[in-house]
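# Structure assessment
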Amino acid sequence: MMLRNAAGRRAVATAATAVSLALALTACSGTTKDSKDSGGSAKAGNSSAKADPDAPLKKGLKIAFLPKQINNPYEKIVDEAGIAAAKEYGGTGKEVGPSDANASSQVSYINTLIQQRQDAILVAANDPNAVCGPLKQAMKKDIKVVAYDSDTAKDCRQLFINQASSEEIGRSLVQHLGEQIGYKGKVAILSATQNATNQNTWIEFMKEELKLPAYKEMELVKVAYGDDADQKSFQQTQGLMQAYPDLKGIISPTTVGIAAAARYLSDSSYKGKVVLNGLGTPNQMRKYVKDGTVEQFSLWNPEELGYLGSYAAAALASGQITGAEGEKFKAGKLGEYTIGKDGEVILGEPTVFDSKNIDTFNF
């Protein structure tokens, strides 16, 4: 993401956990908000492990990506990029996962990956706690665990690869919508599942932003859940408009949700009257920007997210890092990253897409 150089990425990676950047907007996934473990994720694995930053990446590493659901087009981009990255360092990667995004649907896949003796499991958690039991078993067997896109509880993994600062994502989505509707009117949020860690963290910061005086004439009337399913997200959008015909704006911080909402609005009398903002991919949203349904939306580069996650998992499995705060590792062409608090590694800034730049992106 895109147009930043490696130095820019490093600067964001080391600082963004502590600073809410006032950026023109962004993003699609975030951090765990209610884990009981505040001591950091390094102890989730072998607490006596020592990092050897000079250790070479091991050859023949086996890594597996476990997305929220196997047919999610956004996560397909992430995972395929991570699998391709594995080839760069002499490893092999694969993607496995459920067809639904239910809280416990990933558990059986984790158990199978443990039996297969993968060197690392990368998981985008549907629920921060439902996957913890098998992930802890994986770590006991020295299988490294990296959460990406949507975090687990902190003691269930060594690292979390986050797209951007969760506070930045949540607040900036509200900031952009506020500008678009003149800071007046009823607004709603169309989320994914009720247990999605990233979605809930972003929504928490959206609500905090809405408490500020600038938004005193904006009212959040409902948080709807489309379960990251296209048809349900479409129906939830329809339901929002039936319940609140005077709705002024919708924020959908999920690529499935924003596309489904745009599809509904584009063929309705609300087109051009209801502002839709959120997180989506350019290829998914291009037609809705061009036909005037959507003015702008945001996202990071999902290919870079998968690439970074793959190299982070390889660094863990090779002993270069343990997941402790302050450790550094190189992520191939993306450059060097520093692990922040609670094992979080931040990819960097998201990008805002609109009619002026959308045709320069293809993903």
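The structure contained in this document is the topic of the report that follows. (Residues numbered from 1 in each chain as written. Predicted model: local features only at pLDDT ≥ 70, side-chain atom pairs only at ≥ 80, totals over all residues. Heavy atoms only, no water.)

Moving on: the overall build of the protein chain. Helix and strand counts for the protein chain come out as ten helices and 14 strands. By the burial criterion, 61% of the 363 residues in the protein chain qualify as buried. For the protein chain, contacts bridging at least 24 residues in sequence account for 75% of all contacts bridging at least 6. Split by element, the accessible area of the protein chain, about 14000 Å² in all, is 47% carbon and sulfur. (Helix = DSSP H or I, 4+ residues; strand = E, 2+ residues; numbered from the N terminus. Buried < 20%, exposed > 50% of the residue type's maximum accessible area, 1.4 Å probe, protein only. Contact = heavy atoms within 4.5 Å. Areas by Shrake-Rupley, 256 points an atom, 1.4 Å probe, with all protein chains shown as cover.)

It is worth spelling out the sheet that holds strand S4 (residues 144–148) at this point. Backbone-to-backbone hydrogen bonds join strands into a sheet, with any given pair of strands oriented parallel or antiparallel. As summarised here, the arrangement of the six strands in space is S2-S1-S3-S4-S5-S13, forming an open sheet in which the pairing is parallel. Two strands in the sheet have a free side with no partner beyond their single neighbour: strand S2 (92–95) and strand S13 (344–346). Averaged over all adjacent pairs, the angle separating strand axes in this sheet is 20°, with direction ignored. When strand S1 (residues 62–66) meets S2, the two strands line up parallel, connected through four bridges. Bridging from a neighbouring strand, Ile63 pairs with Gly93 of S2. Of the strands in this sheet, S1, S2 and strand S3 (120–123) touch helix H3 (residues 107–115), which is tilted by about 175° from S1. (Pairing = 2+ DSSP bridges. Axes fitted to C-alpha atoms, helices over the stretch in contact; angles between N-to-C directions.)

Glancing now at the packing of H3 against helix H4 (residues 132–140). Interhelical geometry of H3 versus H4 gives an angle of 10° and a closest axis separation of 9 Å. Classified by the angle between their axes, H3 and H4 sit roughly parallel to one another. Residue-level contacts link Val107, Ile110, Asn111 and Ile114 of H3 to Pro134, Leu135, Gln137 and Ala138 of H4. The class makeup of the residues in the contact of H3 with H4 is six nonpolar, two polar and no charged. (Parallel < 35°, antiparallel > 145°, perpendicular 65-115°, else oblique. Nonpolar A, V, L, I, M, F, W, Y, C, P; charged D, E, K, R; others polar.)

If you trace the backbone, Asn72 turns up in the loop between S1 and helix H2 (73–88). Judged by relative accessible area, which is 3%, Asn72 ranks as buried.

Before going further, it helps to spend a moment on the nonpolar core. Grouped together as the largest cluster of nonpolar side chains are 83 residues, with contacts concentrated most on Trp300, Leu308 and Phe329. The element that contributes the greatest number of residues to this core is helix H10 (residues 302–317), accounting for ten residues. Once you skip the residues sitting within four places of it in the chain, Leu308 turns out to touch Ile161, Phe329, Ala331, Leu334, Tyr337, Val345 and Leu347. In this structure, Leu66, Leu113, Val123 and Cys156 belong to the second largest nonpolar core, which totals 17 residues. (Core = buried A, V, L, I, M, F, W, Y, C linked by side-chain atoms within 4.5 Å.)

Within the secondary structure layout, Glu95 lies in strand S2. For Glu95, a relative accessible area of 18% corresponds to the buried category. Sequence separation of Glu95 and Leu122 is 27 residues, and the distance between their C-alpha atoms is 9.4 Å. The residues touching Glu95, leaving out its near neighbours within four places in the chain, are Phe65, Pro67, Ile70, Glu75, Lys76, Asp79 and Ile83. Engagement of the side chain of Glu95 in a polar contact is seen with the side chain of Lys76, the distance being 2.6 Å. (Polar contact = N/O pair within 3.5 Å; in protein donor to acceptor, adjacent residues only side chain to side chain.)

What follows is about empty space enclosed by the protein. Which parts of space are left empty comes out when a probe the size of a water molecule is rolled across the atoms. If you walk through the whole model with that rule in mind, you get three cavities of 30 Å³ or more. Roughly 50 Å³ of volume is contained in the second largest cavity. Lining the second largest cavity are Val174, Leu177, Val187, Ala188, Ile189, Met206, Leu210, Met218, Leu220 and Ile251. Elements with a contribution of two residues or more to the lining of the second largest cavity: helix H5 (166–181), strand S6 (185–191), helix H6 (197–210) and strand S7 (218–225). Here the element with the most residues in the lining of the second largest cavity is S6; it accounts for three residues. Among the residues forming the lining of the second largest cavity, the class breakdown is ten nonpolar, no polar and no charged. (1 Å grid on protein atoms, 1.4 Å probe; cavity = no way out; pocket = protein on both sides within 12 Å on 5 of 7 lines; lining within 4 Å. Points joined across faces, edges and corners; volume = space filled by probe spheres on them.)

Moving on: the pattern of salt bridges. A side chain of one charge can pair with a side chain of the opposite charge when the charged atoms of the two come close. Scanning the model with the defined rule gives twelve salt bridges in all. Residue Glu209 is joined to Arg171 by a salt bridge in which the shortest nitrogen-to-oxygen separation is 2.8 Å. Residue Glu209 is found in helix H6, and its partner Arg171 is found in helix H5; the two are separated by 38 residues along the sequence. The same class applies to Glu209 and to Arg171, which are both buried. Note that Lys186 and Asp246 form a salt bridge whose closest N and O atoms lie 3.3 Å from each other. (Salt bridge = Lys/Arg side-chain N within 4 Å of Asp/Glu carboxyl O.)

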